[in-house]
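These are the residues of each chain, in order.
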Amino acid sequence: MQRRLLILASALFAAATVHMPAAAQGGYPTKPVTLLVGYPAGGPVDTLARAIGEKLSASMGQTVVVENVPGATGMIANQRLAKSAPDGYTLMLGANPMAIQASIKKSLPYNSLRDFTPIAYVGDAPYLLVVPANSPAKTVQELVSLVRASPGKMSYGSAGAGSANHLSGEIMKKAAGLNINHIPYKGGAPAQVDVMGGHVAYIFDAFITGVKLAQGGKLRALAVTTDTRSPAAPDVPTMAESGFPGFSVQAWYGLMGPGNMPAPLVRRLNEEVNKAIALPDMQTRLASMGLQARPGTAGDFAAFFAKDIATYATVIKDAGVPLED
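Residues numbered from 1 in each chain as written. Predicted model: local features only at pLDDT ≥ 70, side-chain atom pairs only at ≥ 80, totals over all residues. Heavy atoms only, no water.

### A closer look at the overall build of the protein
Argument step 1. Looking only at helices and strands, the protein features 11 helices and 10 strands.
Argument step 2. Counting across all 325 residues of the protein, residues that qualify as buried make up 47%.
Argument step 3. Sequence-distant contacts, at least 24 apart, represent 77% of the contacts inside the protein between residues at least 6 apart.
Argument step 4. Summing over all exposed atoms, the protein offers an accessible surface of approximately 14900 Å²; the carbon and sulfur share of this is 58%.
Argument step 5. Across the protein, the centroid of the 27 positively charged side chains sits 3 Å from that of the 21 negatively charged ones. (Helix = DSSP H or I, 4+ residues; strand = E, 2+ residues; numbered from the N terminus. Buried < 20%, exposed > 50% of the residue type's maximum accessible area, 1.4 Å probe, protein only. Contact = heavy atoms within 4.5 Å. Areas by Shrake-Rupley, 256 points an atom, 1.4 Å probe, with all protein chains shown as cover. Lys, Arg positive; Asp, Glu negative; His and termini not counted. Charge placed at Lys NZ, Arg CZ, Asp CG, Glu CD.)

Written out as structure tokens, the structure reads:
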């Protein structure tokens, strides 16, 4: 009798496991994983995705295929991710434009909070407040005084309307009560050229390029936009240290999945990413990109993502930034 019961119990367990997701059985992944990148090959998101994918392939025993799906500042890839099955076989390396788009677009074909699962924060870099090398301003407060002395006559540049460096400028403008014009450029490079030439008073530049120009004497770096100083530029103070408490904007990157991913699968992937970014060669690679690794839980990343969306929503509304189609 006991033997029959044991056989029956074993059969029921086997039948049940057939219908369990692979992740719950501990078998994930059983086939290649696609890692979407919403930007062209060769850019920072693509470079980082390939580095992460390489480590995940090695640790999980399955190929991670990076697939570039460029267009609409990453939104084409975002939409594809949102419509994918939450089984862990379609993931994406997300970046901070995902948070901005939630508020600056008139409409999106997905809900930024509902249709994505934040899995793991990979790393971030500050933006760098830079002025012309010959600017009389040597500190942020001196720059504020300079702008206030010529109300409405000076301008700051950005990589484009609605970009993170534009919104950084709007945060500073409101906090300091500045009367200054915004000039949107078609990318960061032309904005850099004009600030070096003194045609705009300052820009919040991409860190990795801005710090090199500052170290070469072509620009002067006044502050970084993250909560703490960057190890790559330890002598440059934060905006908070420079009289703007709470000023925190970063170019961030993180692993995202479709909405409603099973918690065990999210934990597994989070652990794999945290292991990957802790490796010495990954630390070196991140540092070469001006990034700091940010290990943490999926819950930490989800809370950060929601807060970033809310922050940009407030800035966009308060600054009256026109919504985009």
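Right, picking up where we left off after that structure.
### Focus on the layout of surface pockets
Argument step 1. By volume, the largest pocket amounts to about 980 Å³.
Argument step 2. Considering the residues around the largest pocket, the lining is formed by 37 residues, among which Asn96, Pro97, Tyr127, Ala206 and Tyr253 are closest to the centre.
Argument step 3. Mapped onto the lining of the largest pocket, the elements with two or more residues apiece are helix H2 (44-60), helix H4 (97-104), strand S4 (116-132), helix H6 (164-176), helix H7 (188-196), strand S7 (202-206), helix H8 (207-215) and strand S9 (250-258).
Argument step 4. Per element, the largest residue contribution to the lining of the largest pocket is 4 residues, and it comes from H4.
Argument step 5. For the lining of the largest pocket, the per-class residue count stands at 23 nonpolar, 11 polar and 3 charged. (1 Å grid on protein atoms, 1.4 Å probe; cavity = no way out; pocket = protein on both sides within 12 Å on 5 of 7 lines; lining within 4 Å. Points joined across faces, edges and corners; volume = space filled by probe spheres on them. Nonpolar A, V, L, I, M, F, W, Y, C, P; charged D, E, K, R; others polar.)

### A short note on the pairing of strand S3 (residues 90-95)
Argument step 1. Buried residues dominate S3, accounting for 6 of its 6 residues.
Argument step 2. With burial as the criterion, each face of S3 is covered, one bearing Thr90, Met92 and Gly94 and the other bearing Leu91, Leu93 and Ala95.
Argument step 3. As judged from the 4 bridges shared by S3 and S9, these two strands associate in the antiparallel manner. Bridged to glycine 94 within S9 is glycine 254. (Pairing = 2+ DSSP bridges.)

### Re the packing of aromatic side chains
Argument step 1. Under the definition given, this model contains 12 aromatic pairs.
Argument step 2. Residues tryptophan 252 and phenylalanine 305 carry aromatic rings whose centres are separated by 5.9 Å and whose planes lie at 85 degrees to one another, so their mutual orientation is edge-to-face. Linking tryptophan 252 in strand S9 with phenylalanine 305 in helix H11 (residues 298-319), this pair joins segments that are 53 residues apart in sequence. Just as tryptophan 252 is buried, phenylalanine 305 falls in that class too.
Argument step 3. In this structure an aromatic cluster arises from ring pairing among Tyr121, Trp252, Phe301, Phe304 and Phe305.
Argument step 4. Between lysine 31 and the ring centre of tyrosine 89, over which it is positioned, the NZ or CZ distance is 4.7 Å. (Phe/Tyr/Trp six-rings, centres within 6.5 Å; stacked < 30°, edge-to-face > 60°. Lys NZ or Arg CZ within 6 Å of the ring centre and 35° of its normal.)

### Quick look at the nonpolar core
Argument step 1. Formed by 49 residues in total, the largest nonpolar core has its most connected members in Leu129, Val140, Leu143, Met172, Tyr202 and Met239.
Argument step 2. At 7 residues, H11 tops the list of elements feeding residues into this core.
Argument step 3. Setting aside chain neighbours within four positions, we find valine 140 in contact with Leu129, Met172, Leu222, Ala223, Met239, Ser242 and Phe244.
Argument step 4. Core analysis: the second largest hydrophobic core is formed by 48 residues, Val45, Tyr185, Val236 and Val266 among them. (Core = buried A, V, L, I, M, F, W, Y, C linked by side-chain atoms within 4.5 Å.)

### Quick look at the side chain of threonine 226
Argument step 1. By secondary structure assignment, the location of threonine 226 is in the loop between strand S8 (219-224) and S9.
Argument step 2. Of the residues examined, threonine 226 reaches a relative accessible area of 4% and is grouped as buried.
Argument step 3. A polar contact of 3.0 Å, which involves the side chain of threonine 226, links it to the backbone oxygen of threonine 228.
Argument step 4. Dropping the residues within four chain positions of it, threonine 226 is found in contact with Ala125, Pro126, Thr238, Phe247, Val249 and Gln250. (Polar contact = N/O pair within 3.5 Å; in protein donor to acceptor, adjacent residues only side chain to side chain.)

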